[in-house]
Amino acid sequence: MKHLYLDKIKSSESAPKIVKIFSEKEIKMIIDLYSILPERVFNQKQNIRKKVWIQNYNKELDELYFNKLKEVLGNFKMDTLGSEKDGDFYGIFHESFSPLKLHVDSGFIEKDIIYKQVVTPLSDGETVIFKNRWYGRSTNFTIDKNELQLKPEPGKNDKSCAHLGDEKFDQDIYNKYLYHEKIDNLKGLKIDMIYKWKVGETLIMDRSHIHCSSSNIKEKKLGLTTFTKK
Ligand SMILES: [Fe+2]
């Protein structure tokens, strides 16, 4: 799959940026919401726990969150499919105990105009964003031949090595931030931003950016990500 409306997608792209849109009290409300939401996924392989932001647990917070995003994003739609009963999910809380590998969250529907992803740290953490972009389906990037042969399950990320370029990745940056990856899986990639998470800040980046966690997770990392489209 390749996104159909590439021009429209590209016309709203911009550099990753950090904004402060939530007060300390609002961050606390978000963490409280996380604690009462039902568990959704506990993926032992990835060592990650996920919950989705279901509307109506805290209506005041739902409204506040949507409006604050609108202030920075302009018009957007949520892009985490909920159910008819619950409506769209407002985001995914991800608690990880080991670093996520190289991937892109570019979506699954070719006619969608993917837009920004909004990452709000709720603990320490680090995200590495590459300049390199991807306009196919959401994909995990790997050079592992066995992984590449597996057919993705419906709704799951593709596997690909088509991100690779020729240039060897910078060894110092690799040693500091990316030693959970194979250095040869980073060939041709260029760093755009290494974002050191700070509670109270929010990262806004295009959904076409290839990215991953840094290797440095103290104990665990908790964040809220909202995927948007136009
Ligand atoms: Fe991601």
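Our structure's up above, just so we're on the same page.
Treat the numbers as computed from the prediction; the structure is a model and nothing was measured.

Some thoughts on the pairing of strand E12 (residues 202-206)
Regular strands place side chains that alternate from one sheet face to the opposite one.
1) Next: For E12, the tally of buried residues reaches five of five residues, placing the bulk of the element in the interior.
2) Next: As paired strands, strand E1 (residues 17-19) and E12 are joined by three bridges and run antiparallel to one another. Following the sheet pairing, lysine 17 is matched in E12 by isoleucine 204.
3) Next: Bridge count between strand E7 (residues 114-121) and E12: four bridges; the pairing is antiparallel. The partner of glutamine 117 across the bridge, within E12, is methionine 205.

Some details on the pattern of salt bridges
Where charged atoms from two side chains of opposite charge approach closely, those side chains can pair.
1) Next: Under the defined criterion, the tally for this structure stands at 15 salt bridges.
2) Next: Residues glutamate 26 and lysine 68 are paired through a salt bridge, measuring 3.1 Å at the closest nitrogen-oxygen approach. In this pair, glutamate 26 sits in helix H2 (residues 24-36) while lysine 68 sits in helix H3 (residues 59-73), placing the two residues 42 residues apart along the sequence. We note that glutamate 26, like lysine 68, is buried.

Regarding unusual backbone geometry
1) Next: The backbone of asparagine 56 shows a phi angle near 80°, a positive value even though the residue is not glycine.
2) Next: Tracing the backbone shows asparagine 56 in the loop between strand E3 (48-52) and H3.

A short note on H3
1) Next: Spanning 15 residues, H3 covers 21 Å between terminal C-alpha atoms, matching the ideal 21 Å at 1.5 Å per step.
2) Next: Taken together, the buried positions of H3 are occupied by Leu61, Asp62, Leu64, Tyr65, Lys68, Leu69 and Leu73.
3) Next: Following H3 by one or two positions, glycine 74 adopts a phi angle in the positive range, close to 75°.

Reading guide: rules and limits
Residues numbered from 1 in each chain as written. Predicted model: local features only at pLDDT ≥ 70, side-chain atom pairs only at ≥ 80, totals over all residues. Heavy atoms only, no water. Buried < 20%, exposed > 50% of the residue type's maximum accessible area, 1.4 Å probe, protein only. Helix = DSSP H or I, 4+ residues; strand = E, 2+ residues; numbered from the N terminus. Pairing = 2+ DSSP bridges. Salt bridge = Lys/Arg side-chain N within 4 Å of Asp/Glu carboxyl O. Expected span 1.5 Å × (residues − 1).

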